[in-house]
Amino acid sequence: MSIVILISGRGSNMRAILASRPAIAVAGVISNEPAAAGLETARALGIATAVVDHRGHAGREAFDAALAREIDAFGPELVVLAGFMRVLTARFVERYRGRLVNIHPSLLPAFPGLGTHRRALAAGVRIHGCTVHFVTPELDSGPIIAQAAVPVTASDTEETLAARVLAQEHRIYPQVVRWIGDGRVVLGDDGRVTVTGAGAAVGALACPALDGS
Ligand code: GRF
């Protein structure tokens, strides 16, 4: 299965997917941001890149149409949003229905949108994490494929919490892409996802740690 990755910035999730073993066939990387650091990373690894600058288009429909043209030129079977910071139109999302995935830095449906780590700290949650999901027209609300949870510690700052979550993003995103490539991710009519052949996760995370008293 070949994929296209869409980025807007540093591209660390993109890098994790490019480093995945067994390898994932990445046909190209597209950024809406010409200065995205991730573009350099991709080029250095010999991956084809393209830029569709949102500033050069009059409105979301025009930008999304141009983006779709670039994506389709690579002929991917899956489109992977990895820190792609543009809201996509319903028309675009429909075009790639079931073939468009995103990673979000929270345990959805908690904290959709921006500023997830700051909001998690402000809410006082003890457990936070990340979610890989299919994209639907409504922001950060599509069918969930996989999540990873991390503890929130008393001394956490937005930065330390973001780093802890990001390390998990780099684990689950390549895994989900490989699962999809292997045909193991099934989206049911009820809008829920099954990953066939995946082992049940074991253990439980309690935070603060329980001391048995
Ligand atoms: C990640 O935290 C991702 O979950 C969010 O944006 C960030 C992108 O980071 N959507 P990177 O560009 O992959 O390093």
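Residues numbered from 1 in each chain as written. Predicted model: local features only at pLDDT ≥ 70, side-chain atom pairs only at ≥ 80, totals over all residues. Heavy atoms only, no water.

### Let's talk about the site of the ligand
The condition that has to hold: Throughout this document, a residue counts as near a molecule or strand when at least one of its heavy atoms sits within 4 Å of that molecule or strand. Pairs of N or O atoms are called polar contacts if they sit within 3.5 Å, as long as, within protein, a hydrogen donor faces a hydrogen acceptor (for residues adjacent in sequence, only side-chain-to-side-chain pairs). We get accessible surface area from the Shrake-Rupley algorithm with a probe of 1.4 Å; when it comes to residues, only the shown protein chains can shield them.
If you check the shell around the ligand, you find Arg10, Gly11, Ser12, Asn13, Gly83, Ile103, Pro105 and Glu169 and nothing else. For the ligand, an oxygen atom lies 2.9 Å from a polar atom in the backbone of glycine 11. The backbone of asparagine 13 places a nitrogen or oxygen atom 2.8 Å from an oxygen atom of the ligand. Considered on its own, the ligand offers 360 Å² of accessible surface; in the complex 86% of this is hidden by protein.

### Remarks on the sheet that holds strand S2 (residues 25-31)
Defined as follows: Paired strands, as defined in this entry, are two strands with at least two bridges between them according to DSSP. Helical segments are the DSSP runs of H or I of at least four residues, strand segments are the runs of E of at least two, and each set is numbered from the N terminus. To define axes, lines are fitted to C-alpha atoms, for helices over the stretch in contact only, and angles between the resulting N-to-C directions are given on a 0 to 180 degree scale. Contacts between residues were defined by any pair of non-hydrogen atoms, one from each residue, lying within 4.5 Å.
With mixed pairing, the seven strands of this open sheet are ordered in space as S3-S2-S1-S4-S5-S6-S7. The open sheet is flanked by strand S3 (49-51) and strand S7 (144-151), the only strands paired with a single partner. Across the sheet, the mean angle separating the axes of adjacent strands is 20° when strand polarity is ignored. Helix-sheet contacts for helix H6 (residues 158-181) involve strand S1 (2-7), strand S4 (78-81), strand S5 (100-104), strand S6 (127-134) and S7, and the interaxial angle to S7 is about 155°.

### Regarding the pattern of salt bridges
Convention followed: Any carboxyl oxygen of Asp or Glu that lies within 4 Å of a side-chain nitrogen of Lys or Arg is treated as forming a salt bridge with it. Throughout, exposure labels follow a simple rule: accessible area from a 1.4 Å probe, protein chains only, divided by the maximum for the residue type, with under 20% read as buried, over 50% as exposed, and the rest as partly exposed.
Scanning all chains against the criterion turns up seven salt bridges. The salt bridge involving glutamate 33 is made with arginine 55; its shortest N-O contact spans 2.8 Å. With glutamate 33 in the loop between S2 and helix H2 (37-44) and arginine 55 in the loop between S3 and helix H3 (60-74), this pair connects stretches of sequence that are 22 residues apart. For arginine 55, a relative accessible area of 51% corresponds to the exposed category. Between arginine 95 and aspartate 72 there is a salt bridge whose closest N-O contact spans 2.5 Å. Here aspartate 72 lies in helix H3 and arginine 95 lies in helix H4 (residues 90-95), a separation of 23 residues in the sequence. The exposure class assigned to arginine 95 is partly exposed, which follows from its relative accessible area of 48%. Of the residues examined, aspartate 72 reaches a relative accessible area of 34% and is grouped as partly exposed. Sharing partners across several salt bridges, the network here consists of Glu33, Asp53 and Arg55.

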